Amino acid sequence: MDIEFVAAGAAIPARTAVARIVFEGEAQEGPVAQAVAASRFTGAKGQTLDILAPQGTDAARLVLVGAGKKDAFNALGAEHAAASAYAGVKASGLETLRIEGIADADLAAHAALGVRLASYRFDKYRTKEPADKKPSIAKTLVVTDAADAALGAFADMAALANAVSFTRDLVSEPPNVLFPVEFARRVKALESLGLEIEVLGEAEMKALGMGSLLAVGQGSIRESQLVVIRWNGAADKSAQPVAFVGKGVCFDTGGISLKPADGMEDMKWDMGGAGTVAGLMHVLAGRKAKVNAVGVLGLVENMPDGNSYRPGDVLTSMSGQTIEVVNTDAEGRLVLADALWYCNDRFKPKFMVDLATLTGAIIISLGNDLAGCFSNDDALAEDLLAAARAEDEGLWRMPMPDAYNKQIDSMIADMKNTGGRPGGSITAALFLKRFVKDTPWAHLDIASTAWKKPSTVPTSPDGATGYGIRLLNRLVRDKYEG
Ligand code: BES
Ligand code: MN
Ligand code: ZN
(Lines give C-alpha, C1' and ligand atoms only; values in the text may rest on other atoms or scores of the structure.)
(Ligands and ions follow the chains in the order given, each with its own letter.)
Protein backbone atom coordinates (compact mmCIF):
# COMPACT_ATOMS: atom_id res chain seq x y z
CA MET A 1 0.00 0.00 0.00
CA ASP A 2 1.40 3.37 -1.08
CA ILE A 3 0.74 6.17 1.38
CA GLU A 4 0.84 9.89 0.63
CA PHE A 5 -0.11 12.93 2.66
CA VAL A 6 -1.69 15.73 0.63
CA ALA A 7 -3.30 19.15 1.12
CA ALA A 8 -7.07 19.51 0.88
CA GLY A 9 -6.72 21.32 -2.45
CA ALA A 10 -4.82 18.47 -4.15
CA ALA A 11 -6.55 17.17 -7.28
CA ILE A 12 -8.53 13.96 -6.88
CA PRO A 13 -7.12 11.32 -9.26
CA ALA A 14 -9.46 9.33 -11.49
CA ARG A 15 -11.04 6.23 -9.94
CA THR A 16 -10.69 7.46 -6.38
CA ALA A 17 -12.92 6.52 -3.48
CA VAL A 18 -13.15 9.42 -1.07
CA ALA A 19 -13.72 8.55 2.57
CA ARG A 20 -14.86 11.51 4.64
CA ILE A 21 -14.39 11.20 8.39
CA VAL A 22 -17.55 12.64 9.96
CA PHE A 23 -18.06 13.49 13.62
CA GLU A 24 -21.36 13.22 15.41
CA GLY A 25 -23.61 16.16 14.63
CA GLU A 26 -21.36 17.47 11.83
CA ALA A 27 -23.60 18.84 9.05
CA GLN A 28 -23.07 17.97 5.37
CA GLU A 29 -24.06 20.06 2.37
CA GLY A 30 -26.07 19.67 -0.82
CA PRO A 31 -26.64 16.17 -2.22
CA VAL A 32 -24.54 14.60 0.57
CA ALA A 33 -26.83 16.15 3.16
CA GLN A 34 -29.75 14.71 1.20
CA ALA A 35 -28.18 11.24 1.24
CA VAL A 36 -27.56 11.53 4.99
CA ALA A 37 -31.15 12.64 5.56
CA ALA A 38 -32.36 9.54 3.69
CA SER A 39 -30.32 7.24 5.98
CA ARG A 40 -29.65 6.53 9.64
CA PHE A 41 -26.12 7.90 9.45
CA THR A 42 -25.37 10.21 12.40
CA GLY A 43 -21.58 10.13 12.50
CA ALA A 44 -21.56 7.64 15.37
CA LYS A 45 -18.43 5.49 15.64
CA GLY A 46 -18.47 2.49 13.33
CA GLN A 47 -21.17 3.81 10.97
CA THR A 48 -20.52 4.16 7.26
CA LEU A 49 -22.64 5.52 4.44
CA ASP A 50 -21.73 4.67 0.86
CA ILE A 51 -22.67 7.20 -1.82
CA LEU A 52 -22.06 6.08 -5.41
CA ALA A 53 -21.10 8.65 -8.07
CA PRO A 54 -21.72 11.69 -5.86
CA GLN A 55 -22.61 14.86 -7.76
CA GLY A 56 -20.35 17.90 -7.88
CA THR A 57 -17.05 16.17 -7.06
CA ASP A 58 -14.32 14.23 -8.88
CA ALA A 59 -14.75 11.29 -6.49
CA ALA A 60 -15.97 8.03 -8.00
CA ARG A 61 -17.52 7.19 -4.66
CA LEU A 62 -17.97 8.91 -1.38
CA VAL A 63 -18.01 7.01 1.87
CA LEU A 64 -18.95 8.80 5.05
CA VAL A 65 -17.24 7.21 8.03
CA GLY A 66 -18.61 7.94 11.49
CA ALA A 67 -15.92 8.82 14.03
CA GLY A 68 -18.03 9.62 17.09
CA LYS A 69 -17.65 12.75 19.22
CA LYS A 70 -15.05 15.16 17.91
CA ASP A 71 -13.46 15.96 21.29
CA ALA A 72 -13.00 12.24 22.04
CA PHE A 73 -11.32 11.55 18.69
CA ASN A 74 -7.78 10.24 19.20
CA ALA A 75 -5.03 8.20 17.54
CA LEU A 76 -6.90 4.94 17.89
CA GLY A 77 -10.11 6.53 16.61
CA ALA A 78 -8.21 7.73 13.53
CA GLU A 79 -6.77 4.25 12.93
CA HIS A 80 -10.14 2.56 13.29
CA ALA A 81 -12.01 5.10 11.14
CA ALA A 82 -9.41 4.82 8.38
CA ALA A 83 -9.39 1.04 8.64
CA SER A 84 -13.21 0.94 8.26
CA ALA A 85 -12.95 3.33 5.32
CA TYR A 86 -10.47 0.96 3.69
CA ALA A 87 -12.63 -2.10 4.43
CA GLY A 88 -15.62 -0.41 2.84
CA VAL A 89 -13.93 0.23 -0.52
CA LYS A 90 -11.05 -2.24 -0.73
CA ALA A 91 -12.85 -4.49 -3.21
CA SER A 92 -14.74 -1.71 -5.01
CA GLY A 93 -12.57 -1.96 -8.12
CA LEU A 94 -11.23 1.55 -7.52
CA GLU A 95 -7.48 2.01 -7.15
CA THR A 96 -7.10 5.00 -4.84
CA LEU A 97 -8.51 5.84 -1.43
CA ARG A 98 -8.49 9.44 -0.25
CA ILE A 99 -9.22 10.06 3.41
CA GLU A 100 -10.53 13.53 4.30
CA GLY A 101 -11.58 15.21 7.51
CA ILE A 102 -8.55 14.76 9.79
CA ALA A 103 -6.64 18.06 9.98
CA ASP A 104 -4.07 17.15 12.66
CA ALA A 105 -0.76 15.79 11.33
CA ASP A 106 -0.26 13.11 13.99
CA LEU A 107 -3.85 11.87 13.69
CA ALA A 108 -3.50 11.82 9.90
CA ALA A 109 -0.41 9.64 10.31
CA HIS A 110 -2.41 7.30 12.56
CA ALA A 111 -5.08 7.10 9.87
CA ALA A 112 -2.39 5.96 7.44
CA LEU A 113 -1.19 3.40 9.99
CA GLY A 114 -4.79 2.14 10.27
CA VAL A 115 -4.91 1.57 6.51
CA ARG A 116 -1.52 -0.15 6.50
CA LEU A 117 -2.59 -2.56 9.28
CA ALA A 118 -6.05 -3.20 7.81
CA SER A 119 -4.75 -3.90 4.31
CA TYR A 120 -2.49 -6.75 5.44
CA ARG A 121 -3.28 -9.93 3.51
CA PHE A 122 -1.59 -13.33 3.33
CA ASP A 123 -2.45 -14.55 -0.14
CA LYS A 124 0.74 -16.12 -1.50
CA TYR A 125 -0.82 -19.58 -1.66
CA ARG A 126 -3.98 -18.53 -3.50
CA THR A 127 -3.50 -19.27 -7.17
CA LYS A 128 -7.11 -19.18 -8.34
CA GLU A 129 -8.66 -16.18 -6.69
CA PRO A 130 -10.72 -14.28 -9.29
CA ALA A 131 -9.42 -10.78 -9.97
CA ASP A 132 -12.73 -9.25 -8.94
CA LYS A 133 -12.36 -10.73 -5.44
CA LYS A 134 -8.93 -9.22 -4.84
CA PRO A 135 -8.51 -5.88 -3.08
CA SER A 136 -8.14 -3.14 -5.69
CA ILE A 137 -7.03 -0.15 -3.60
CA ALA A 138 -3.27 0.22 -4.01
CA LYS A 139 -2.76 3.79 -2.87
CA THR A 140 -4.02 5.91 0.00
CA LEU A 141 -3.96 9.70 0.07
CA VAL A 142 -4.47 11.19 3.50
CA VAL A 143 -5.57 14.83 3.48
CA THR A 144 -4.07 16.98 6.23
CA ASP A 145 -3.23 20.63 6.92
CA ALA A 146 0.43 19.68 7.52
CA ALA A 147 1.54 17.03 5.04
CA ASP A 148 5.25 17.28 5.89
CA ALA A 149 4.65 16.93 9.61
CA ALA A 150 2.34 13.97 8.98
CA LEU A 151 4.96 12.27 6.83
CA GLY A 152 7.50 12.80 9.60
CA ALA A 153 5.16 11.37 12.24
CA PHE A 154 4.39 8.44 9.97
CA ALA A 155 8.02 7.22 9.74
CA ASP A 156 7.95 5.34 13.08
CA MET A 157 4.44 4.09 12.34
CA ALA A 158 5.55 2.69 8.99
CA ALA A 159 8.33 0.84 10.86
CA LEU A 160 5.66 -0.55 13.17
CA ALA A 161 3.39 -1.60 10.30
CA ASN A 162 6.33 -3.32 8.56
CA ALA A 163 7.14 -5.22 11.73
CA VAL A 164 3.53 -6.29 12.29
CA SER A 165 3.33 -7.54 8.69
CA PHE A 166 6.58 -9.48 9.18
CA THR A 167 5.14 -11.20 12.25
CA ARG A 168 1.76 -11.87 10.64
CA ASP A 169 3.57 -13.50 7.72
CA LEU A 170 5.58 -15.76 10.03
CA VAL A 171 2.51 -16.77 12.01
CA SER A 172 0.42 -17.38 8.87
CA GLU A 173 2.98 -19.57 7.10
CA PRO A 174 2.05 -23.26 7.08
CA PRO A 175 4.14 -25.59 9.23
CA ASN A 176 5.63 -27.47 6.26
CA VAL A 177 7.16 -24.17 5.15
CA LEU A 178 8.02 -22.50 8.44
CA PHE A 179 9.99 -25.03 10.52
CA PRO A 180 12.71 -23.92 12.97
CA VAL A 181 15.58 -23.62 10.46
CA GLU A 182 13.42 -21.63 8.03
CA PHE A 183 12.16 -19.37 10.85
CA ALA A 184 15.77 -18.72 11.85
CA ARG A 185 16.71 -18.02 8.22
CA ARG A 186 13.96 -15.41 7.89
CA VAL A 187 15.05 -13.73 11.09
CA LYS A 188 18.67 -13.79 9.95
CA ALA A 189 17.61 -11.71 6.93
CA LEU A 190 16.80 -8.89 9.38
CA GLU A 191 20.54 -8.21 9.62
CA SER A 192 19.82 -5.78 6.79
CA LEU A 193 18.02 -3.60 9.38
CA GLY A 194 21.16 -3.46 11.51
CA LEU A 195 20.22 -6.26 13.91
CA GLU A 196 22.91 -8.71 15.08
CA ILE A 197 21.70 -12.27 14.80
CA GLU A 198 23.16 -15.52 16.09
CA VAL A 199 21.64 -18.92 15.41
CA LEU A 200 22.47 -21.84 17.70
CA GLY A 201 21.82 -25.38 16.48
CA GLU A 202 21.30 -28.56 18.49
CA ALA A 203 25.01 -29.25 19.02
CA GLU A 204 25.58 -25.81 20.55
CA MET A 205 22.47 -26.12 22.73
CA LYS A 206 23.59 -29.54 23.89
CA ALA A 207 26.96 -28.11 24.89
CA LEU A 208 25.11 -25.47 26.93
CA GLY A 209 23.12 -28.18 28.71
CA MET A 210 19.69 -27.25 27.32
CA GLY A 211 18.16 -30.66 28.03
CA SER A 212 14.69 -29.22 28.50
CA LEU A 213 14.33 -27.37 25.17
CA LEU A 214 16.09 -30.11 23.21
CA ALA A 215 13.80 -32.85 24.54
CA VAL A 216 10.78 -31.16 22.93
CA GLY A 217 12.35 -31.16 19.46
CA GLN A 218 13.93 -34.60 19.62
CA GLY A 219 10.97 -36.35 17.96
CA SER A 220 11.11 -34.05 14.94
CA ILE A 221 13.27 -34.49 11.85
CA ARG A 222 13.56 -30.68 11.86
CA GLU A 223 16.51 -29.35 13.82
CA SER A 224 15.70 -27.13 16.82
CA GLN A 225 17.18 -23.64 16.84
CA LEU A 226 17.84 -20.91 19.35
CA VAL A 227 17.97 -17.47 17.80
CA VAL A 228 19.53 -14.50 19.56
CA ILE A 229 18.65 -11.08 18.12
CA ARG A 230 20.45 -7.99 19.34
CA TRP A 231 19.78 -4.31 18.83
CA ASN A 232 22.34 -1.96 20.36
CA GLY A 233 20.80 1.47 19.81
CA ALA A 234 21.70 3.07 23.16
CA ALA A 235 24.45 5.70 23.28
CA ASP A 236 26.33 3.34 25.62
CA LYS A 237 26.59 0.10 23.68
CA SER A 238 27.49 -1.79 26.84
CA ALA A 239 24.47 -0.56 28.83
CA GLN A 240 22.35 -3.33 30.37
CA PRO A 241 19.76 -4.48 27.81
CA VAL A 242 16.05 -5.15 28.06
CA ALA A 243 15.16 -8.69 26.98
CA PHE A 244 12.31 -10.52 25.30
CA VAL A 245 11.94 -14.28 24.99
CA GLY A 246 9.51 -16.07 22.67
CA LYS A 247 7.99 -19.55 22.50
CA GLY A 248 8.46 -20.74 18.95
CA VAL A 249 6.81 -24.13 18.59
CA CYS A 250 6.50 -24.21 14.81
CA PHE A 251 4.00 -27.02 15.10
CA ASP A 252 2.54 -28.52 18.27
CA THR A 253 1.00 -31.95 17.78
CA GLY A 254 1.22 -32.54 21.53
CA GLY A 255 3.88 -35.19 20.88
CA ILE A 256 3.26 -38.60 22.48
CA SER A 257 0.48 -36.92 24.51
CA LEU A 258 -1.10 -36.36 21.08
CA LYS A 259 -3.73 -33.67 20.62
CA PRO A 260 -7.15 -34.53 19.14
CA ALA A 261 -7.46 -34.08 15.36
CA ASP A 262 -10.08 -31.32 15.46
CA GLY A 263 -8.43 -27.94 15.12
CA MET A 264 -4.89 -29.29 15.28
CA GLU A 265 -4.04 -27.23 12.19
CA ASP A 266 -4.28 -24.15 14.42
CA MET A 267 -1.12 -25.32 16.17
CA LYS A 268 1.00 -23.83 13.37
CA TRP A 269 0.34 -20.64 15.34
CA ASP A 270 2.18 -21.99 18.36
CA MET A 271 5.24 -19.96 17.38
CA GLY A 272 3.30 -16.72 17.86
CA GLY A 273 5.36 -15.65 20.90
CA ALA A 274 8.62 -15.97 18.96
CA GLY A 275 6.93 -14.23 16.02
CA THR A 276 6.07 -11.25 18.21
CA VAL A 277 9.58 -11.04 19.68
CA ALA A 278 11.03 -11.06 16.14
CA GLY A 279 8.54 -8.35 15.12
CA LEU A 280 9.42 -6.25 18.16
CA MET A 281 13.14 -6.39 17.32
CA HIS A 282 12.16 -5.49 13.73
CA VAL A 283 10.40 -2.30 14.81
CA LEU A 284 13.13 -1.32 17.31
CA ALA A 285 15.70 -1.52 14.51
CA GLY A 286 13.32 0.00 11.95
CA ARG A 287 12.88 3.15 14.00
CA LYS A 288 16.43 3.11 15.40
CA ALA A 289 15.28 2.96 19.02
CA LYS A 290 17.78 4.37 21.54
CA VAL A 291 17.93 1.23 23.61
CA ASN A 292 19.91 -1.97 23.93
CA ALA A 293 17.54 -4.90 23.47
CA VAL A 294 17.87 -8.66 23.16
CA GLY A 295 15.37 -11.11 21.70
CA VAL A 296 15.73 -14.85 22.27
CA LEU A 297 13.61 -17.30 20.28
CA GLY A 298 13.28 -20.98 21.20
CA LEU A 299 12.32 -22.74 17.97
CA VAL A 300 11.23 -26.38 17.93
CA GLU A 301 8.67 -28.76 16.46
CA ASN A 302 6.75 -31.05 18.85
CA MET A 303 6.12 -34.38 17.08
CA PRO A 304 5.25 -37.99 17.98
CA ASP A 305 8.00 -40.36 16.83
CA GLY A 306 10.11 -43.33 17.89
CA ASN A 307 12.65 -40.84 19.19
CA SER A 308 10.16 -38.53 20.93
CA TYR A 309 10.46 -37.62 24.57
CA ARG A 310 7.98 -39.49 26.74
CA PRO A 311 5.70 -38.86 29.70
CA GLY A 312 7.84 -40.13 32.57
CA ASP A 313 11.14 -38.84 31.19
CA VAL A 314 13.24 -36.73 33.54
CA LEU A 315 15.04 -33.82 31.87
CA THR A 316 17.94 -31.77 33.15
CA SER A 317 17.56 -28.12 32.20
CA MET A 318 20.41 -25.66 31.64
CA SER A 319 19.73 -24.30 35.14
CA GLY A 320 20.56 -27.74 36.58
CA GLN A 321 16.98 -28.14 37.82
CA THR A 322 15.35 -31.44 36.84
CA ILE A 323 11.88 -31.80 35.34
CA GLU A 324 9.65 -34.85 35.24
CA VAL A 325 7.62 -34.83 32.05
CA VAL A 326 4.04 -35.88 32.73
CA ASN A 327 2.53 -34.51 29.54
CA THR A 328 4.51 -33.91 26.34
CA ASP A 329 1.86 -31.39 25.27
CA ALA A 330 3.03 -29.01 28.01
CA GLU A 331 6.09 -28.34 25.86
CA GLY A 332 6.16 -24.54 25.65
CA ARG A 333 7.32 -24.12 29.24
CA LEU A 334 10.13 -26.64 28.60
CA VAL A 335 11.35 -24.54 25.70
CA LEU A 336 11.08 -21.31 27.69
CA ALA A 337 12.80 -22.79 30.76
CA ASP A 338 16.10 -23.02 28.89
CA ALA A 339 15.57 -19.92 26.75
CA LEU A 340 14.83 -17.75 29.82
CA TRP A 341 17.75 -19.20 31.79
CA TYR A 342 20.15 -18.67 28.90
CA CYS A 343 18.95 -15.11 28.32
CA ASN A 344 19.28 -14.17 31.99
CA ASP A 345 22.62 -15.91 32.43
CA ARG A 346 24.26 -14.43 29.35
CA PHE A 347 22.81 -10.92 29.17
CA LYS A 348 21.93 -10.02 32.80
CA PRO A 349 19.05 -7.89 31.45
CA LYS A 350 17.14 -5.11 33.24
CA PHE A 351 14.05 -7.26 32.84
CA MET A 352 12.77 -10.15 30.78
CA VAL A 353 9.35 -10.39 29.17
CA ASP A 354 8.42 -13.71 27.64
CA LEU A 355 5.58 -14.21 25.17
CA ALA A 356 4.00 -17.58 24.57
CA THR A 357 0.86 -19.24 23.28
CA LEU A 358 1.27 -21.28 26.43
CA THR A 359 -2.09 -22.57 27.64
CA GLY A 360 -5.58 -23.27 26.36
CA ALA A 361 -6.65 -22.40 29.91
CA ILE A 362 -5.92 -18.68 29.38
CA ILE A 363 -8.65 -18.67 26.71
CA ILE A 364 -11.05 -20.22 29.22
CA SER A 365 -10.07 -17.59 31.82
CA LEU A 366 -9.93 -14.44 29.72
CA GLY A 367 -11.72 -15.11 26.43
CA ASN A 368 -10.45 -13.98 23.05
CA ASP A 369 -9.58 -10.33 23.65
CA LEU A 370 -7.25 -10.42 26.66
CA ALA A 371 -3.83 -11.93 27.12
CA GLY A 372 -2.70 -12.92 30.62
CA CYS A 373 0.12 -11.05 32.37
CA PHE A 374 2.02 -12.90 35.09
CA SER A 375 4.89 -11.15 36.84
CA ASN A 376 7.24 -11.25 39.82
CA ASP A 377 7.54 -7.43 39.68
CA ASP A 378 4.63 -5.05 40.27
CA ALA A 379 6.31 -2.06 38.61
CA LEU A 380 7.02 -3.99 35.41
CA ALA A 381 3.49 -5.40 35.38
CA GLU A 382 1.99 -1.92 35.84
CA ASP A 383 4.11 -0.55 32.99
CA LEU A 384 3.03 -3.40 30.71
CA LEU A 385 -0.64 -2.90 31.55
CA ALA A 386 -0.39 0.86 30.94
CA ALA A 387 1.33 0.33 27.58
CA ALA A 388 -1.29 -2.24 26.62
CA ARG A 389 -4.10 0.14 27.52
CA ALA A 390 -2.56 2.95 25.47
CA GLU A 391 -2.16 0.69 22.43
CA ASP A 392 -5.56 -1.00 22.86
CA GLU A 393 -4.01 -4.45 23.19
CA GLY A 394 -6.04 -6.36 25.81
CA LEU A 395 -3.96 -7.46 28.81
CA TRP A 396 -5.03 -8.59 32.27
CA ARG A 397 -2.88 -9.23 35.34
CA MET A 398 -3.16 -12.77 36.68
CA PRO A 399 -2.24 -14.00 40.17
CA MET A 400 0.63 -16.37 41.00
CA PRO A 401 -0.13 -17.72 44.47
CA ASP A 402 2.86 -19.54 46.01
CA ALA A 403 0.60 -22.27 47.35
CA TYR A 404 -0.16 -23.50 43.83
CA ASN A 405 3.48 -24.55 43.53
CA LYS A 406 2.59 -27.81 45.21
CA GLN A 407 0.64 -28.80 42.08
CA ILE A 408 3.93 -29.10 40.20
CA ASP A 409 5.77 -31.08 42.88
CA SER A 410 7.26 -34.28 41.49
CA MET A 411 7.92 -37.55 43.30
CA ILE A 412 11.29 -38.02 41.59
CA ALA A 413 12.49 -34.69 40.20
CA ASP A 414 12.61 -31.00 41.18
CA MET A 415 9.27 -30.37 39.48
CA LYS A 416 6.89 -31.82 36.93
CA ASN A 417 5.85 -30.07 33.76
CA THR A 418 2.14 -29.71 34.44
CA GLY A 419 0.00 -29.11 37.48
CA GLY A 420 -3.20 -30.53 36.02
CA ARG A 421 -6.31 -28.63 34.93
CA PRO A 422 -7.11 -26.35 37.90
CA GLY A 423 -5.38 -23.00 37.37
CA GLY A 424 -3.52 -24.38 34.37
CA SER A 425 -2.22 -21.00 33.20
CA ILE A 426 -1.08 -20.11 36.71
CA THR A 427 0.91 -23.28 37.38
CA ALA A 428 2.52 -22.84 33.94
CA ALA A 429 3.64 -19.34 35.01
CA LEU A 430 4.88 -20.64 38.38
CA PHE A 431 6.94 -23.19 36.45
CA LEU A 432 8.56 -20.44 34.33
CA LYS A 433 9.26 -18.31 37.42
CA ARG A 434 11.75 -20.96 38.55
CA PHE A 435 14.00 -20.09 35.62
CA VAL A 436 14.33 -16.31 36.05
CA LYS A 437 16.01 -15.97 39.49
CA ASP A 438 15.40 -12.45 40.87
CA THR A 439 15.37 -10.64 37.54
CA PRO A 440 12.21 -8.59 37.04
CA TRP A 441 10.17 -10.74 34.71
CA ALA A 442 6.76 -10.92 33.11
CA HIS A 443 5.15 -13.73 31.18
CA LEU A 444 2.44 -12.87 28.64
CA ASP A 445 0.26 -15.85 27.81
CA ILE A 446 -0.97 -14.88 24.34
CA ALA A 447 -2.74 -18.13 23.39
CA SER A 448 -5.91 -15.99 23.47
CA THR A 449 -4.71 -13.13 21.26
CA ALA A 450 -1.99 -14.28 18.81
CA TRP A 451 -4.64 -14.99 16.22
CA LYS A 452 -8.33 -14.18 15.75
CA LYS A 453 -10.95 -16.08 13.81
CA PRO A 454 -12.91 -13.88 13.27
CA SER A 455 -11.15 -10.62 14.01
CA THR A 456 -12.79 -8.07 16.32
CA VAL A 457 -10.86 -4.95 15.29
CA PRO A 458 -10.78 -3.27 11.86
CA THR A 459 -6.98 -2.89 11.96
CA SER A 460 -6.44 -6.64 12.16
CA PRO A 461 -7.78 -8.92 9.42
CA ASP A 462 -8.81 -12.49 10.36
CA GLY A 463 -5.87 -14.68 11.36
CA ALA A 464 -2.49 -13.65 12.74
CA THR A 465 -2.67 -10.41 14.76
CA GLY A 466 0.91 -9.52 15.62
CA TYR A 467 -0.37 -9.00 19.17
CA GLY A 468 2.16 -7.58 21.61
CA ILE A 469 4.45 -5.70 19.22
CA ARG A 470 2.64 -2.44 19.82
CA LEU A 471 2.52 -2.66 23.57
CA LEU A 472 6.16 -3.72 23.94
CA ASN A 473 7.31 -1.12 21.43
CA ARG A 474 5.53 1.51 23.52
CA LEU A 475 6.93 0.14 26.78
CA VAL A 476 10.45 0.47 25.38
CA ARG A 477 9.77 3.91 23.89
CA ASP A 478 8.10 5.40 26.96
CA LYS A 479 10.27 3.87 29.68
CA TYR A 480 13.65 2.70 28.39
CA GLU A 481 14.87 5.14 25.75
CA GLY A 482 17.14 8.10 26.40
N1 BES B 1 0.14 -24.65 22.46
C2 BES B 1 -0.65 -25.17 23.49
C3 BES B 1 -1.59 -24.14 24.11
C4 BES B 1 -2.73 -23.69 23.23
C5 BES B 1 -3.92 -24.39 23.22
C6 BES B 1 -2.63 -22.53 22.50
C7 BES B 1 -4.97 -23.95 22.44
C8 BES B 1 -3.68 -22.10 21.73
C9 BES B 1 -4.85 -22.80 21.69
C10 BES B 1 0.23 -25.72 24.61
O11 BES B 1 1.45 -26.25 24.22
C12 BES B 1 -0.54 -26.84 25.24
O13 BES B 1 -0.77 -27.81 24.58
N14 BES B 1 -0.93 -26.65 26.49
C15 BES B 1 -1.69 -27.63 27.18
C16 BES B 1 -1.12 -27.75 28.57
C17 BES B 1 -1.62 -28.96 29.32
C18 BES B 1 -1.13 -30.22 28.68
C19 BES B 1 -1.12 -28.86 30.74
C20 BES B 1 -3.14 -27.15 27.21
O21 BES B 1 -3.36 -25.93 27.24
O22 BES B 1 -4.04 -27.97 27.14
MN1 MN C 1 1.30 -28.27 23.65
ZN1 ZN D 1 2.24 -25.50 22.53
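Calculation criteria
- Residues numbered from 1 in each chain as written.
- Chains lettered and ligands numbered in written order.
- Predicted model: local features only at pLDDT ≥ 70, side-chain atom pairs only at ≥ 80, totals over all residues.
- Heavy atoms only, no water.
- Near = heavy atom within 4 Å.
- Polar contact = N/O pair within 3.5 Å; in protein donor to acceptor, adjacent residues only side chain to side chain.
- Areas by Shrake-Rupley, 256 points an atom, 1.4 Å probe, with all protein chains shown as cover.
- Nonpolar A, V, L, I, M, F, W, Y, C, P; charged D, E, K, R; others polar.
- Donors = N, O, S within 2.8 Å, 3.2 Å for Na, K, Ca; no water.
- Tetrahedral: all angles 85-135°; square planar, octahedral: opposite > 155°, others 65-115°.
- Patch = residues over 30% accessible without salt bridge, like charges linked within 9 Å, V, L, I, M, F, W, Y side chains within 5 Å.
- Salt bridge = Lys/Arg side-chain N within 4 Å of Asp/Glu carboxyl O.
- Helix = DSSP H or I, 4+ residues; strand = E, 2+ residues; numbered from the N terminus.
- Buried < 20%, exposed > 50% of the residue type's maximum accessible area, 1.4 Å probe, protein only.
- Pairing = 2+ DSSP bridges.
- Axes fitted to C-alpha atoms, helices over the stretch in contact; angles between N-to-C directions.
- Contact = heavy atoms within 4.5 Å.
- Right-handed = clockwise from strand over helix to strand, strands pointing away.

Colleague: Before we move on, could you go through the site of ligand 1 and cite the residues and values that matter?
Modeller: In the vicinity of ligand 1 lie 17 residues, with K259, D270, D329, E331 and G360 positioned nearest. One of the side-chain N or O atoms of D329 is found 2.8 Å from an oxygen atom in ligand 1. Here ligand 1, which alone exposes 510 Å², has 79% of that area covered by the protein. Among the residues making up the shell around ligand 1, the classes are represented as five nonpolar, five polar and seven charged.

Colleague: Hey, could you go over the coordination of the zinc ion (ligand 3) for me, with residue numbers and the actual values?
Modeller: Distances from the zinc ion (ligand 3) to its protein donors, K247 (NZ), D252 (OD), D270 (OD) and E331 (OE), fall within 2.0 to 2.4 Å. In this structure, the zinc ion (ligand 3) is coordinated by six donor atoms arranged in octahedral fashion, with angles at the metal of 79 to 175°. Mapping the donors of the zinc ion (ligand 3) onto the primary sequence gives the spacing K-x4-D-x17-D-x60-E. For the pair the zinc ion (ligand 3) and the manganese ion (ligand 2), the metal-to-metal distance amounts to 3.1 Å, and D252 bridges them.

Colleague: Lay out a nonpolar patch on the surface in plain terms, naming residues and giving numbers.
Modeller: A cluster of nonpolar side chains, contributed by V314, M411 and I412, occupies part of the molecular surface with about 380 Å² of accessible area. Positionally, V314 belongs in strand β11 (residues 314-316).

Colleague: Account for the coordination of the manganese ion (ligand 2), naming residues and giving values.
Modeller: Protein coordination at the manganese ion (ligand 2) comes from D252 (OD), D329 (O), D329 (OD) and E331 (OE), with a distance range of 2.0 to 2.2 Å. Along the chain, the residues that donate to the manganese ion (ligand 2) are spaced as D-x76-D-x1-E. On the accessibility criterion, E331 (0% relative accessible area) is buried.

Colleague: Account for the environment of L213, naming residues and giving values.
Modeller: Considering the arrangement of structural elements, one finds L213 in helix α7 (residues 211-217). A sequence separation of 124 residues divides L213 from A337, and the C-alpha atoms of the two residues are 7.4 Å apart.

Colleague: Outline the pairing of strand β2 (residues 16-22), supporting the account with residue identities and numerical values.
Modeller: On any regular strand, side chains alternate: one points to one face of the sheet, the next to the other face. The element β2 is largely enclosed, with a buried count of six among its seven residues. Judged from the five bridges that link them, β2 and strand β5 (residues 96-100) form a sheet pairing that is parallel. Bridge assignment links A17 to a residue of β5, and that residue is L97. Across six bridges, β2 lies against strand β4 (residues 61-66) in parallel orientation. When the sheet's bridge partners are listed, I21 is paired in β4 with V65.

Colleague: Which residues make up the sheet that holds strand β1 (residues 2-6), and what are the values?
Modeller: Overall, mixed pairing links the six strands, which are arranged β1-β6-β5-β2-β4-β3 in an open sheet. Unpaired on one side and paired on the other, β1 and β3 (48-52) mark the two borders of the sheet. Averaged over all pairs of adjacent strands, the angle between strand axes in this sheet comes to 20°, irrespective of strand direction. Relative to β4, β3 is paired through five bridges, and the arrangement is antiparallel.

Colleague: Account for the sheet that holds strand β10 (residues 292-302), with residues named and values stated.
Modeller: The mixed open sheet is built from eight strands, whose spatial order is β7-β8-β10-β9-β13-β17-β14-β15. Every other strand in the sheet has two partners, leaving β7 (196-200) and β15 (395-397) as the edge strands with one partner each. Here the average twist between neighbouring strands, direction ignored, is 20°. Relative to β15, strand β14 (residues 371-375) runs parallel, the two sharing three bridges. Directly across from C373, in β15, lies its bridge partner R397. The strands touched by helix α5 (residues 180-188) within the sheet are β7, β8 (225-232), β9 (242-252) and β10, with β10 carrying the most contacts at an inclination of about 160°. Together, β7, β8, β9, β10, β13 (352-356) and β17 (441-445) form the strand contacts of helix α9 (residues 332-347), whose direction differs from that of β9 by roughly 155°.

Colleague: Give a description of the pairing of β5 that names residues and reports values.
Modeller: Most of β5 sits inside the fold, with five of its five residues counted as buried. In β5, alternate side chains face the same way, and those of T96, R98 and E100 on one face and L97 and I99 on the other are all buried. Bridge count for β5 against strand β6 (residues 139-143) is four bridges, and the pairing is parallel. By the bridge assignment, L97 is partnered in β6 with T140. Crossover connection from β5 via helix α3 (residues 105-118) to parallel β6: handedness right-handed.

None of this, on its own, says anything about what the molecule does.
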